[in-house]
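A structural walkthrough
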Amino acid sequence: MKQIKQDLYLSHMQYFNSKTVIYLNGSFVKATEAGTDLYSQSLHYGYAAFEGIRAYNTHNGTRVFKAKAHFERLKRSCQLARIPFNWDIEDLIRQTYKVLELNNLKDAYIRPLVFCGPNMSLSAPAKVSIMICAWEWAAYLGNDQLKVGISSYQRPNPKSLPIEAKISAHYVNSILATTEAKSNGYDEAILLDMNNNVAEAPGANLFIERNGKLYTPPTGNILPGITRATVFQLCKRLDIECTERVFTVEDLKIADSAFFCGTAVEIAGIKSVDEVVFPLKWQDSLGATLARTYKCLVLEKQNYEVII
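Below is a summary of the structure that appears in this document.

About the criteria used
- Residues numbered from 1 in each chain as written.
- Predicted model: local features only at pLDDT ≥ 70, side-chain atom pairs only at ≥ 80, totals over all residues.
- Heavy atoms only, no water.
- Helix = DSSP H or I, 4+ residues; strand = E, 2+ residues; numbered from the N terminus.
- Buried < 20%, exposed > 50% of the residue type's maximum accessible area, 1.4 Å probe, protein only.
- Contact = heavy atoms within 4.5 Å.
- Expected span 1.5 Å × (residues − 1).
- Arc of directions from axis to C-beta.
- Axes fitted to C-alpha atoms, helices over the stretch in contact; angles between N-to-C directions.
- Parallel < 35°, antiparallel > 145°, perpendicular 65-115°, else oblique.
- Left-handed = near helix turned anticlockwise from the far one by under 90°.
- Nonpolar A, V, L, I, M, F, W, Y, C, P; charged D, E, K, R; others polar.
- Pairing = 2+ DSSP bridges.
- Phe/Tyr/Trp six-rings, centres within 6.5 Å; stacked < 30°, edge-to-face > 60°.
- Polar contact = N/O pair within 3.5 Å; in protein donor to acceptor, adjacent residues only side chain to side chain.
- Salt bridge = Lys/Arg side-chain N within 4 Å of Asp/Glu carboxyl O.

**Some details on the overall build of the protein**
- The helix and strand inventory of the protein stands at 8 helices and 16 strands.
- Viewed in the frame of its principal axes, the protein has a C-alpha envelope of about 50 × 45 × 35 Å.
- Counting all 308 residues of the protein, 51% fall into the buried class.
- When contacts within the protein are restricted to residue pairs at least 6 apart in sequence, those whose partners lie at least 24 apart make up 71%.

Below you can see the structure in the form of structure tokens.
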């Protein structure tokens, strides 16, 4: 029942209305009046780069969490995919705050997208555009512990695509994995890499806890998440040992606890993998401690502003 309600919420939610304003190529326009070319490489080939960013209503006002890091990754994604990126990052951050202001958003999910112009050839684009939109969005996977399943789909071979880039076409893999997981009665999937080692979720990184220590798959077959990097920072602050390590499904299933992390999901506890229930209660886990600390960080409570 929980998953049905979550799916209905996601499928029926309204991302924009007649009053919504987006940033498009240097101007602010109504979302209902904006359009794109039906012959664009982005539409036909998934040739685009995007970011997912969150803004939080803090005691210091609305603050976009790690805005510079996100836009720098957007630029890097474009460079890796040979998509031109000719915008100033500081200006894009200013325009992002303006989008929030114009739409009266204080807590919001922000989606910048660099997309390509019309071109049916398989060559790098000459014309590109950028848009920034935002909407209210709760934690992507909800606030309850998750039942997850190992996907039959693998992460793409890193020699075939720049895996560390956040490219739109990559997310066909994510859609297939999540759709399969939900059809099998799970909340989300875990994908393996080409060597059958644990990689990540369709839209989040993964950490496991074992004997009071945290482990996460190394970069190379995963998206190097900004929230993932934040977890490392928080672990250092909290004196929690956290190590990158290759591990298998068998290693995952004997863990004490596990969690996903990402901008959209924030920090989400995992209850079970393929019906194997983790023995450690979530409230007693390192993941729960990090989730509470992460919330303090993004809301700028206490002195957590230091690592924003």
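**Overview of helix α3 (residues 67-80)**
- Taking 1.5 Å of rise per residue, the 14 residues of α3 would be expected to cover 20 Å, and the 20 Å separating its terminal C-alpha atoms lies within 8% of that figure.
- Listed as buried for α3 are A67, H70, F71, R73, L74, S77 and C78. In an axial view of α3, the angular spread of the buried residues amounts to 155 degrees, which keeps them on one side of the axis.

**What to know about the packing of α3 against helix α4 (residues 89-102)**
- Close contact between α3 and α4 brings their axes to 10 Å; oriented N to C, the two are set at 120 degrees. The angle between the axes of α3 and α4 places the two elements in the oblique class. Every pair of crossing elements has a handedness; the one defined by α3 and α4 is right-handed. Residues A67, K68, F71, E72 and K75 of α3 touch α4, and the partners they reach there are I89, E90, L92, I93 and T96.
- Here the residues of the contact of α3 with α4 sort into 5 nonpolar, 1 polar and 4 charged.

**Quick notes on the packing of helix α6 (residues 226-238) against helix α8 (residues 286-298)**
- It is the contact of α6 with α8, at a shortest axis distance of 10 Å, that shows an interaxial angle of 105 degrees. One element, α6, and the other, α8, form an angle in the roughly perpendicular class. Across from T227, T230, V231, L234, C235 and L238 in α6, the residues of α8 making contact are T289, L290, T293, Y294 and L297.
- A breakdown of the residues in the contact of α6 with α8 according to their chemical character gives 7 nonpolar, 4 polar and no charged.

**Brief notes about the environment of E33**
- With respect to the secondary-structure elements, E33 resides in the loop between β2 (27-30) and α2 (41-45).
- Here the alpha-carbon distance between E33 and F50, two residues 17 residues apart in the chain, equals 21 Å.

**Things to note about the pairing of β2**
- When strand β1 (residues 21-24) meets β2, the two strands line up antiparallel, connected through 4 bridges. Its bridge partner being in β2, I22 is matched across the sheet by V29.
- Where β1 folds back onto β2 in an antiparallel hairpin, the turn is made up of 2 residues, including N25, whose phi is positive at roughly 50 degrees.

**So, the packing of aromatic side chains**
- A full pass over the atoms with the stated rule returns 11 aromatic pairs.
- Taken together, a centroid distance of 5.1 Å and an interplanar angle of 5 degrees make the contact between F207 and F259 stacked. Of the two residues, F207 sits in strand β11 (residues 205-210) while F259 sits in strand β14 (residues 257-262), which places them 52 residues apart along the sequence.
- In this structure F207 comes out as buried when scored by relative accessible area, which is 0%.
- Grouping aromatic residues by their ring pairs yields a cluster made of Y15, Y109, W135, W137 and Y140.

**Let's talk about α4**
- With 14 residues, α4 extends 20 Å between its outermost C-alpha atoms, agreeing within 8% with the 20 Å of an ideal straight helix rising 1.5 Å per residue.
- Buried within α4 we find I89, L92, I93, Q95, T96, V99 and L100. Buried positions in α4, seen along its axis, are confined to an arc of 165 degrees and lie on one side of it. Exposed and oriented more than 90 degrees from the buried face of α4 are R94 and E101.
- For α4, the capping residue at the N-terminal end is D88, with a side-chain oxygen 3.3 Å from the backbone nitrogen of E90.
- N104 sits one or two positions beyond α4 and adopts a positive phi of about 55 degrees.

**Side note on the pattern of salt bridges**
- As enumerated under the stated definition, the model contains 10 salt bridges in all.
- The partner of D91 in a salt bridge is R94, and the shortest N-O contact between them spans 3.5 Å. Pair noted here: D91 and R94 are both in helix α4, with a separation of 3 residues, about one helical turn.
- Residue classification places R94 among the exposed positions, given a relative accessible area of 51%.
- Between E101 and K98 there is a salt bridge, with its nearest N and O atoms 3.8 Å apart. Residue E101 and its partner K98 are located together in helix α4, separated by 3 residues, close to a single helical turn.

**A look at the pairing of strand β5 (residues 61-64)**
- Pairing analysis gives 4 bridges linking strand β4 (residues 53-58) to β5, with the strands arranged antiparallel. Looking at the pairing, A55 lines up with V64 of β5.
- Between β4 and β5, which pair antiparallel in sequence order, lie 2 residues.

**A word on unusual backbone geometry**
- Although it is not a glycine, N196 sits at a positive phi angle of roughly 65 degrees.
- As for its position among the elements, N196 is in the loop between β9 (188-192) and β10 (198-200).
- You will see that E266, though not glycine, has its phi angle at about 60 degrees, which is positive.
- With respect to the helices and strands, the residue E266 is situated in strand β15 (residues 266-273).
- Classification of E266 as buried rests on a relative accessible area of 11%.

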